[in-house]
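Chain residues, written in single-letter form:
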Amino acid sequence: MSRKELAKAYEPWDVEEKWETHWEEEKTFTPDPDGPGEPYSIVIPPPNVTGVLHMGHALNQTLMDILCRYNRQKGRNVLWVPGTDHAGIATQNVVERQLKAEGLTRHDLGREKFIERVWQWKQEKGDHIFKQIRRIGASVDWTRECFTFDEQRARAVREVFVRLYEQGLIYKGNYIINWCNRCHTALADDEVEHEPRPGHLYHIKYPLADGSGELVVATTRPETMLGDTAIAVNPEDDRFNHLIGKEAILPLVGRKLPIIGDKYVDMEFGTGCLKVTPAHDMNDWELGRKHGLEVLPILDEDGNVNENAPERYRGLHKEEARTVICTDLKEQGFLVDIQEHDHSVGACYRCKSVIEPHVSTQWFVSMKPLAEKARAAVPSRTQIFPEHWTKTYYDWLDNIRDWCISRQIWWGHRIPAWTCEKCGALTVSVDDPSACSSCGSKNIVQEEDVLDTWFSSALWPFSTMGWPDDTAELRKFYPTSCLVTGFDILFFWVARMMMMGLQFMEDVPFHHVYIHALVRDEFGKKMSKSTGNVIDPLDMVDKYGADALRFTLTSFAAMGRDIKLSEQRIEGYKHFMNKIWNAARFSLMNLPDVIPAEDVTKAEGLADRWILHRLEEVKAEVASATEEYRFNEIAQILYKFIWSEFCDWYLEMIKPALYGEDEAAKARTQAVLWTVLSETLVLLHPVTPFITQEIWSVLPRPEGDDRSEDIATLAYPGRREGCLDPAVVGQMELFMGVVSGIRNIRTELLIEPAKKLDLLVRTVGPEDEAVLTDNVGLIRALARVENVTIGPDVKGPHASGAAVVRGNELSVPLKGVVDFESEIARLDKNLAKLEKTMKGVSGKLGNPGFVNNAPAEVVEGEKNKLAGMEEEKAKLAQLKARLESVME
């Protein structure tokens, strides 16, 4: 059978599609709950079924995939569950827009037909984001695909609702909620986006009922004054506390308002007097409950003034009402002043309309008992990375309000509660009841409202594993190992999953929470369509391949630091993919069909010993960085090793052995080359799965190596103690310094690359002399020098190019090849640079604050650094003097 080969150039698109299909068809990522290995599980943060993959998704998927692929390599039994969210409001809005284009509304269809229409849309369009996730290379178990509104999740939702109701943690009642006039539904507090907006502060005069004076109130919303039921002052405010217990007259309406005292009133804001409108302000609602005030709503669900207001204002929309009311106040002498005032305004997270506090009958979850357990579990049972997000988590739980879970839409989990039209009793049941649980009447009507989308999402870690059934998945994989998510849903989702997991599974839903940062543009600005700075991840995949995008995102994914992304960076890492590909092609061209059975721990040459030692260090460093979520370091470690060490040095150094006549030396080198390349592919695979898989699939094997052609199933490379050789690092640094020194002399003095030079090295010790002597052939090959003289007493001629490497003096005779004046100028430049560095170190050592406060080893290190630079300066100055003497 002919040997497989790599194409001349890496074209990622065919490769990616081939291996995506292979992994899915082979069920490579479908674990057996009864299989071997410690469990490791992740549930995908379910993207909205309406969603389109953006760069935040791409980052999220990449980081999760790295963790899952790495943990498979470590022998763990890995489950990664995919799924989507039914996204109640967002999905209903999409379908309603379709209907509007047809001249219809959902009410024209009726509830049942509308729900059928949404399901139809979901079947046709709703799985689009899964196709996009596949393009990124996510190693999820597609056989366990979930949807927050499928039958199994619906069972879980009903079970949780009924249990919470029976435990007294779900209740129905009148409450002030966040209401969207556009979406016509209630919103939870964390579904409201607050942003500063310019506005005005209106100063309005309220006459005292006894005619003895007046109070001036400052408000940002004069239109809600029609619903005022009190005026509040701070009892410690000597300007107004004598008025507590009296009454004021509501302008334009004439209603008497009690003047109450409460320390909540900020004496420094506005005039120090507060109009209290319990039906239209969250804080006023609490004041009203505390003081037993009337709740008088004056706006309906559309934001129009209702029948509780004077007839003149009824039917006006709230903005129009504000204009008319201010005009009337001014004409009647009640409007004292209007001042510019910036304030925070809440907007709907979906349609961006301004939120209206609104009193209505809703369903709520009592949060404080649940929040207490969720708070206590961090960090003892669940750790949050970066740690600073823990304080944010605590702050939210410490100030939590009851969660409004009812939504006035049709697409979603309909609340499993039925009201008896005969006796008025409420029946709450997992299964649809046929009769009232109280009186037995069959005349019962189900609630029209559906549950907040986040209610079903809160059950995700255990509902995706089959709860409420006792499944093998639950027993094996719950709690999950890690949740990777953005900070923006720390409250929406993470905290609620903690509450529900502890309440129903009696355990946390995940051991670790990794909060990744935002992906911004190259200037640090948030990406948005309006700004025109959005980078579409799928466009980047089409252009540069999934691996280049994944490696770019990983390389900048430093914990707690936003990613500044540009297309040029992705293009740059596409060049890195090409570098890997070309290195693999070179290796394949120089490897036999069957890899020699050599013990690499007995490698002898400098290049082989060094690269094997570095491979051991890289294996340990990558494992440590992955375990500690230092994703950027994974990429940086591998990039440096592959490009700067394996490609730039090792492959160049082994060419003489590969091309030489010594078959035994060639076999030893081939064994090392194969070992390093194959294990590096495995290390790189979690970050760049496609290119590593393609290369692995054509890589020859040693005799008896029956490992799978699928790199995704390979174990993480084991540790070889016999390859650790700390001494070789210094030896290689000396070798690289000598070769680089000669190359620098060539470059700086514009000596042609093909021109053979001579080299003289005055060594500082027998060890360095032995290293250079043993590798003189490699020095000749890589530095393109001809005659090499090495020893402690070697002296170069006056006219020499010079460098100092670890104290060893390099001299390249320049007579007839170089311009002496240029060489002296180069030395002057190096001396100036060295003196500048020395000045900085000297200044640090001359600072008592540094010397007295820095660790002793740090101070000693700086002293040694200065001593080394002083020695190097003296040698450079001596070499300069020698060149100058030659010129004379």
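Our structure's up above, just so we're on the same page.
**Describing the pairing of strand S8 (residues 214-219)**
In regular strands, side chains alternate between the two faces of the sheet.
Okay, step 1: One ladder, built from six bridges, connects strand S7 (residues 192-207) with S8; its direction is antiparallel. The residue of S8 that forms the bridge with lysine 205 is valine 216.
Okay, step 2: Between the antiparallel neighbours S7 and S8 lie six residues, among them glycine 211 with a positive phi of about 80°.

**Focus: the pattern of salt bridges**
Okay, step 1: The full count for this structure, using the stated rule, is 59 salt bridges.
Okay, step 2: Across the pair arginine 69 and aspartate 65 runs a salt bridge whose closest N-O atoms are separated by 2.7 Å. Residue arginine 69 and its partner aspartate 65 are located together in helix H2 (residues 55-73), separated by four residues, close to a single helical turn.
Okay, step 3: Owing to a relative accessible area of 0%, aspartate 65 belongs among the buried residues under this scheme.
Okay, step 4: Between arginine 221 and glutamate 223 there is a salt bridge whose closest N-O contact spans 3.0 Å. Glutamate 223 matches arginine 221 in its accessibility class, with the two residues each being buried.

**Notes on helix H16 (residues 537-544)**
Okay, step 1: For H16, the complete set of buried residues consists of Pro537, Leu538, Met540, Val541 and Tyr544. The arc that holds every buried residue of H16, seen down its axis, measures 155°, which confines them to one face.
Okay, step 2: Where H16 begins, one side-chain oxygen reaches toward the backbone nitrogen of leucine 538, 2.8 Å away; that side chain belongs to aspartate 536.

**Considerations on the packing of helix H7 (residues 151-166) against helix H15 (residues 490-504)**
Okay, step 1: Following both chains from N to C, one finds H7 and H15 inclined at 75°, their axes separated by 12 Å at the closest point. Our classification of the angle between H7 and H15 gives roughly perpendicular. For the pair formed by H7 and H15, the contact residues are Val160, Arg163 and Leu164 on the first element and Met500, Gln503 and Phe504 on the second.
Okay, step 2: Among the residues making up the contact of H7 with H15, the classes are represented as four nonpolar, one polar and one charged.

**Focus: the sheet that holds strand S12 (residues 273-276)**
Hydrogen bonds between backbone groups are what pair the strands of a sheet, and the pairing can be parallel or antiparallel.
Okay, step 1: Within the open sheet, the four strands sit side by side as S10-S11-S9-S12. Their pairing is mixed. Bordering the open sheet on either side are strand S10 (247-249) and S12, each of which pairs with just one other strand. Direction aside, neighbouring strands of the sheet carry axes that sit 30° apart on average.
Okay, step 2: The sheet contacts of helix H8 (residues 282-291) involve strand S11 (256-261) and S12, and relative to S12 the element is tilted by about 85°.

**Some points on the packing of aromatic side chains**
Okay, step 1: Counted under the stated rule, the structure contains 36 aromatic pairs.
Okay, step 2: Ring centres of tryptophan 23 and phenylalanine 29 lie 5.7 Å apart, and the angle between their planes is 55°; on these two criteria the pair is classed as tilted.
Okay, step 3: Positioned over the ring face of phenylalanine 147 is lysine 122, at 4.3 Å from the centre of the ring.
Okay, step 4: Sitting over the face of the ring of tyrosine 394, arginine 375 holds its NZ or CZ atom 4.0 Å from the ring centroid.

What counts, and at which threshold
Residues numbered from 1 in each chain as written. Predicted model: local features only at pLDDT ≥ 70, side-chain atom pairs only at ≥ 80, totals over all residues. Heavy atoms only, no water. Pairing = 2+ DSSP bridges. Helix = DSSP H or I, 4+ residues; strand = E, 2+ residues; numbered from the N terminus. Salt bridge = Lys/Arg side-chain N within 4 Å of Asp/Glu carboxyl O. Buried < 20%, exposed > 50% of the residue type's maximum accessible area, 1.4 Å probe, protein only. Arc of directions from axis to C-beta. Polar contact = N/O pair within 3.5 Å; in protein donor to acceptor, adjacent residues only side chain to side chain. Axes fitted to C-alpha atoms, helices over the stretch in contact; angles between N-to-C directions. Parallel < 35°, antiparallel > 145°, perpendicular 65-115°, else oblique. Contact = heavy atoms within 4.5 Å. Nonpolar A, V, L, I, M, F, W, Y, C, P; charged D, E, K, R; others polar. Phe/Tyr/Trp six-rings, centres within 6.5 Å; stacked < 30°, edge-to-face > 60°. Lys NZ or Arg CZ within 6 Å of the ring centre and 35° of its normal.

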